[in-house]
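Here is what each chain is made of, one letter per residue.
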Amino acid sequence: MTETLETVPEVGRARRRKEDTRLVTGRTRWTDNIQLPGMLYVAFLRSPMAHARITRVDVSAAREKPGVVAAFSGRDFAEEQGSLPCAWPVTEDMVHPDHPPMAVDTVRYVGEAVACVVATDRYRAADALEAIEVEYEPLPPVLDMNEALKPESPKVHEAGNKAFTWKFSNGDVEAAFRDAPVVIDRRYRQQRLIPSAMEPRAVVVDTDGETFTLYSATQIPHILRVMLALTTGIPEHRLRVIAPDVGGGFGSKLQVTAEEVLCLLICRRLGKPVKWTESRTEGNLTVHHGRDQLQHIEIAAERDGRIRGIRVNLLADMGAYLMLVTPGVPLLGAFMYNGIYKMDAYDFTCTGVFTTKMPTDAYRGAGRPEATYALERAMDELAHELGIDPIELRRRNWIRHEEFPYTTICGLTYDSGNYEAATEKALALFGYDKLRAEQADRRERKDPVQLGIGISTYTEMCGLAPSRVLGSLSYGAGGWEHADVRVLPTGKVEVVTGSSPHGQGHETAWSQIVADQLGVPFEDVTVIHGDTASSHKGMDTYGSRSLAVGGIAIVRACEKVREKARQIAAHLLEASPDDIEFDRGVFRVRGTQSGKTIQEIALATFAAHNLPDGVEPRLDASATFDPENFSFPHGTHLCAVEVDTETGAVKIRSYVAVDDVGRVVNPLIVEGQVHGGIAQGIGQALFEEAVYDSEGNLITTTMADYLLPSAADLPDFVTDRTETPATSNPLGVKGVGEAGTIASTPAVVNAIVDALRPYGVHDVPMPCTPERVWRAVQEGAAS
C-alpha cells in the first residue's frame, strides 16, 4: 500500500525565499563579479553637449596610453552597429529615426557615447578617455515639449519633433461634455524619473571565435538575443545571452542598450572577452528615464457626482530617440484613465515629442501610474467641487462587484473585483472617521500643522499578454510564456522558465506551484532561468506578467507531466488509465489503496523496463501559455499626512493599503512587492526628479542630487488584502509587481492637497518638496 502524505498546500504559504540564502551571503554572481581569462575593460566617452554636430574625433592619443588595447569612435562602428531597436511602432506614420549605439556625426543628449577605450583594467580605460579629442559644433537644445512642437523650434531630427499622435475614443464625448453640470479641467505634470536599481548595469561578452556569450544585468535575455541578432547580423543560434542574478530593474533593464551592442561588437573585433560596468553617475545619465508627461484631464459629471465622460490629452517626452518600447509606454495608460469607474464616453489623445534629453521608456507601472495619478487627483477635485466626501464620490461611480465581468469604456473586460470590500477594509484599518474629526478640529483651531487625508482607488491591466491584443496595438512581439518541467529519475524536479527574475522570488514561488501540482516536496524543486542556452524560449519579465503568464505555463506543463505519469502508473498497476486518480503525489487505482508515488514512477520511467507500448521513457513536458485576457488587480490606498504650513514640511503619519491581487502564492513575496512599490510611489510624490538645466545638462547625476527615500523617510505601512480570484487563469492569480507604485503616488499628493484646501491650494507639483508646498501655501493665500 502506498501512503499519501498529509501535506499543507504550498500555494498560500509564507515561504522564505530560496534564492535569498545565496543573495545575502555573498555567494551570488552579479555580472560585474564575472572574471574571465584575458578580459579587457571598456570605458565610454560621453557627450557633454545636449545637441551638437561632431566635427572631429581623434582617439590616436588614447591608444598610446598605458594598458590601452584599442580605442574607437562612432565612425569606426558606423558600418556595423546598426540602429538600436524600437519594437512598438504605435502609428503607421510614426517618426522613427535611426538610433546609432555610438554617435557618428550628431549628438542629441548629454551622455550619448561618442568614443570608447578598451584597456587591461577599467581604471586605465577611464583615464585614457581624457586623451580623446572631440570637437563639436553646438546646436540649440530642445528641452520643453510645448516649445518643441512649435514650427520655429530647432529640430531634434530632420523629420521634426513630433514622433506620433495616437487617438482613442469611445462613446459620444461631445454629448458627455455638452451642458454637463460640472466639468473639472486640470493639468498635471508627471516629472521625469530615473530608475535606480541597486545593481548598476553591466555587460560581459566572450567568444570562442564562432559563438558569442553575452552576460548582462538584463530583464529580457530572450528578447535581447533576438534583437542583438537582428541589429548586429550575428546569427541568433551563435548568440547566447545570460542574465545572472540581477539586482533590480523596475523596467530600466527592459531594454536593448547601446553598451550591450557595442561590447558585442568590440568583442567580435578584438576576439577577446570584454566587460563594461556603469558608475552611478553614468547610470543616471544613460539608463532610460521614466514618466515625463504633461497631462490634461477633463471630467464631465452630473451634480450628484456621476461621471458622464473623461477627456485626456497627453504630451509624452520621448527624449532624443525611440528605444525598445518608448512610444508604447504612455499608451499602456490609455486604457486606464477610466480606472474602476463607469462612464458613457472617453477620449484619449497622446502626442509623442522628441527632445534633446535621455530617451524615456518603461518604468515601474509604465503608463498606468501616470493614468491613475491624473484620474485620482481629478476625482478628488471633483469631490471638492461638489462638496461630496471623496470616498462617497468613488462609491457612486465604481463598478459594483456583482457587475463583473464588466467591459469598460476603454474596451477592456475586467474579469473580477470587489472594490467595495477592499475600500471598507482599508477604511476600517485607517480609522477614516476619526481622522476626519481630527482634521476638522485642526482646521477649527487653525493649527499650523494641518492634517490631510488622501485616497487612491486603482486597478491596472497587467500580465502583459495576450499576444492578439499586443498585436492589435502594433507591439512587435507576443505575450506568451514558456516552461519546461523535467522529473528526474530520483523524483526531483527541474523547472525551466522563460520568465527571468531580477528580485521577484521566482525560484520560491515557482517551487510552491510545482510542489502542489506534482505532489513533491518544495525542497525537491529547482528552478532554472535566465540563460538562453538552458532556457531556450521565453518572453522574460516585465509588466507584472511572470506569475499570471509564466506561472500558468508551469501549471500547464505539470498537467502534461501528470498525464504522462498516469499512463505509466496505470500500466504498472495493471489498471485502466481512466481508473487512476492523482492525489498529493500518488497515482492510485480508484477505490483501492494500490498506488505508485510520482517518485516511483519517475524511477520506473528512467529504467524503462516495463513501459506501455509506444510510451517514451521520460516524464518531461513543455507548455507555452498565451492568456486570453489581462489580469486586473485592484485596491484602495489611504494616506494621512501632516503638513507644516509654515515650513512646507510633509510627514506621512499613516499609510494603509488593501490590495486584491487574486489568489496569493506566497504572502511574504506579495508583502515585499507591495512595500517596495509603495516606497517607490512615495519617492515620486515627495522626493525624486530628474532635472536638466537650460543647456540640457542633467544636474541630478548623483545620489546626493537625485533624492531617493530611505527607510527613515517612510512610515510603517499597514497592508492587508481581499481576494477575488482571476477567472482568466486556473490559479486565479493576478499581478502584484506594480500595484504599490500605481496606487501610492496619488494617495500621497491627494493627502497634501487635502491638508491645504483651507489655504486655497488645489495642486502641488511633484515632487512635493517643502519649498513647493510652502510656495503653494503662499500663492493660495494670495489668490
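Residues numbered from 1 in each chain as written. Predicted model: local features only at pLDDT ≥ 70, side-chain atom pairs only at ≥ 80, totals over all residues. Heavy atoms only, no water.

- An unreviewed UniProt entry lists the chain under the name Carbon-monoxide dehydrogenase large subunit, with Thermopolyspora flexuosa as the source organism.

1. Here's the deal with the environment of D361
Right, on to step 1. Within the secondary structure, D361 sits in the loop between β15 (345–354) and α11 (368–386).
Right, on to step 2. Under the relative-accessibility criterion, D361 is labelled buried at 2%.
Right, on to step 3. Residues D361 and F212, 149 residues apart in the sequence, show an inter-C-alpha distance of 28 Å.
Right, on to step 4. Once you skip the residues sitting within four places of it in the chain, D361 turns out to touch Q255, H288, H289, G290, M323, L324, V325, T326 and V329. (Helix = DSSP H or I, 4+ residues; strand = E, 2+ residues; numbered from the N terminus. Buried < 20%, exposed > 50% of the residue type's maximum accessible area, 1.4 Å probe, protein only. Contact = heavy atoms within 4.5 Å.)

2. Digging into the domain arrangement of the chain
Right, on to step 1. For the chain, the domain assignment lists domain 1 (31–139 + 198–248 + 253–285), domain 2 (372–462 + 631–781) and domain 3 (480–625).
Right, on to step 2. The straight-line distance from the C-alpha centre of domain 1 to that of domain 3 is 41 Å.
Right, on to step 3. Residue-level contacts link 15 residues of domain 1 with 17 residues of domain 3.
Right, on to step 4. Buried area between domain 1 and domain 3, summed over both chains or domains, comes out near 1,300 Å², and the portion from carbon and sulfur atoms is 50%.
Right, on to step 5. Summed over the three residues of domain 1 that lose the most area to domain 3, namely Q219, H222 and R240, the buried surface amounts to 45% of that side.
Right, on to step 6. At the surface where domain 1 touches domain 3, the tally comes to one salt bridge.
Right, on to step 7. As a salt-bridge pair, R240 and D531 come within 2.6 Å of each other at their nearest N and O atoms. (Domains from an automatic or database assignment. Buried area = accessible area lost by both parts, 1.4 Å probe. Salt bridge = Lys/Arg side-chain N within 4 Å of Asp/Glu carboxyl O.)

3. What about the nonpolar core?
Right, on to step 1. Counting residues in hydrophobic clusters, the biggest one holds 144 residues, and the most contacted among them are F348 and I752.
Right, on to step 2. Top contributing element to this core by residue count: α11, with nine residues.
Right, on to step 3. In contact with I752, other than residues within four places in its own chain, are V641, V643, V650, L686, V764, C768 and V773.
Right, on to step 4. In this structure, A465, V527, L573 and L611 belong to the second largest nonpolar core, which totals 44 residues. (Core = buried A, V, L, I, M, F, W, Y, C linked by side-chain atoms within 4.5 Å.)

4. Structural notes on the packing of aromatic side chains
Right, on to step 1. Inspection of the entire model under this criterion finds 15 aromatic pairs.
Right, on to step 2. When the ring of F44 is compared with that of W276, the centres are 5.9 Å apart and the planes differ by 70°; the resulting orientation is edge-to-face. Here the residue F44 occupies a position in strand β1 (residues 40–46), and W276 occupies one in strand β12 (residues 274–277), the gap between them amounting to 232 residues. Per residue, the accessibility class of F44 equals that of W276, and both read buried.
Right, on to step 3. Ring centres of F404 and Y419 lie 5.5 Å apart, and the angle between their planes is 80°; on these two criteria the pair is classed as edge-to-face. In this pair, F404 is assigned in the loop between α12 (390–397) and β16 (406–407) and Y419 in helix α13 (residues 419–430), connecting sequence segments 15 residues apart.
Right, on to step 4. Relative accessible area serves as the criterion here: at 14%, F404 is assigned to the buried category.
Right, on to step 5. One cation-aromatic arrangement involves R15 over F522; the distance from NZ or CZ to the ring centre is 4.0 Å.
Right, on to step 6. A cation over a ring is seen here: R545 above Y542, with NZ or CZ 5.2 Å from the ring centre. (Phe/Tyr/Trp six-rings, centres within 6.5 Å; stacked < 30°, edge-to-face > 60°. Lys NZ or Arg CZ within 6 Å of the ring centre and 35° of its normal.)

5. Structural notes on the side chain of S544
Right, on to step 1. By the element assignment, S544 lies in the loop between β21 (525–528) and α17 (546–572).
Right, on to step 2. Dropping the residues within four chain positions of it, S544 is found in contact with C462, G463, G735, V736, G737 and E738.

6. Topic: α17
Right, on to step 1. Here α17 is 27 residues long and its end C-alpha atoms lie 37 Å apart, about the 39 Å a rise of 1.5 Å per residue gives.
Right, on to step 2. Of all 27 residues making up α17, 19 are buried, and the element is well covered by its neighbours.
Right, on to step 3. Positioned one or two residues after α17, E574 has a phi angle of 55°, which is positive. (Expected span 1.5 Å × (residues − 1).)

7. Structural notes on the pattern of salt bridges
Right, on to step 1. Applying the stated criterion to the full structure yields 67 salt bridges.
Right, on to step 2. Taken together, the shared-partner salt bridges in this structure form one network comprising R46, R201, E259, E278 and E282.

8. Observations regarding the state of the cysteines
Right, on to step 1. Counted under the stated rule, the structure contains zero disulfides.
Right, on to step 2. Here C116 is not disulfide-linked; the sulfur of C263 is the nearest cysteine sulfur, at 8.2 Å.
Right, on to step 3. By relative accessible area, C116 is classed as buried at 0%. (Disulfide = S-S within 2.5 Å.)

9. Things to note about the sheet that holds β15
In a beta sheet, neighbouring strands pair by backbone hydrogen bonds and run either parallel or antiparallel.
Right, on to step 1. Read from one edge of the open sheet, five strands run β7-β15-β14-β13-β8, paired in mixed fashion. Where the open sheet ends on each side, the last strands, each with one partner, are β7 (162–170) and β8 (182–193). When the angles between neighbouring strand axes are averaged without regard to direction, this sheet yields 10°. (Pairing = 2+ DSSP bridges. Axes fitted to C-alpha atoms, helices over the stretch in contact; angles between N-to-C directions.)

10. As for the environment of T7
Right, on to step 1. Of note, T7 is situated in the segment before α1 (20–24).
Right, on to step 2. Residues T7 and E376, 369 residues apart in the sequence, show an inter-C-alpha distance of 45 Å.

11. Focus: the layout of surface pockets
Right, on to step 1. If you add up the space inside the second largest pocket, you get close to 400 Å³.
Right, on to step 2. Around the second largest pocket, the lining comprises 20 residues; the ones closest to its centre are T7, A515, G519, V520 and R584. (1 Å grid on protein atoms, 1.4 Å probe; cavity = no way out; pocket = protein on both sides within 12 Å on 5 of 7 lines; lining within 4 Å. Points joined across faces, edges and corners; volume = space filled by probe spheres on them.)

12. Let's talk about the UniProt feature "domain: Aldehyde oxidase/xanthine dehydrogenase a/b hammerhead" (unreviewed entry) in the chain
Right, on to step 1. Here, UniProt's "domain: Aldehyde oxidase/xanthine dehydrogenase a/b hammerhead" (unreviewed entry) annotation points to residues 25–140.
Right, on to step 2. Along residues 25–140 the backbone is 13% helical and 30% strand, and the end-to-end C-alpha distance reaches 51 Å. (UniProt positions renumbered as here; feature names shortened; annotations may be inferred.)

13. What to know about the packing of α11 against α12
Right, on to step 1. Where α11 contacts α12, the axes come no closer than 9 Å and their chain directions differ by 110°. With respect to α12, the element α11 is oriented roughly perpendicular. Seen from α11, the contacting residues are E376, M379, D380, L382, A383 and L386; seen from α12, they are P390, L393, R394 and N397.
Right, on to step 2. Grouping the amino acids of the contact of α11 with α12 by side-chain chemistry returns six nonpolar, one polar and three charged. (Parallel < 35°, antiparallel > 145°, perpendicular 65-115°, else oblique. Nonpolar A, V, L, I, M, F, W, Y, C, P; charged D, E, K, R; others polar.)

14. Re the sheet that holds β21
Right, on to step 1. Read across the open sheet, the four strands follow the order β21-β20-β19-β25; overall the sheet is mixed. The sheet is open, and its two edges are formed by β21 and β25 (621–625), each paired on a single side. Neighbouring strand axes in the sheet, compared pairwise and without regard to direction, differ in orientation by 20° on average.
Right, on to step 2. Bridge count between strand β20 (residues 493–497) and β21: four bridges; the pairing is parallel. What sits directly across from V493, in β21, is V525.
Right, on to step 3. Together, β19 (481–487), β20 and β21 form the strand contacts of helix α16 (residues 506–518), whose direction differs from that of β21 by roughly 130°.
Right, on to step 4. Contacting β19, β20 and β25, α17 crosses the sheet at an angle of about 145° to β25.

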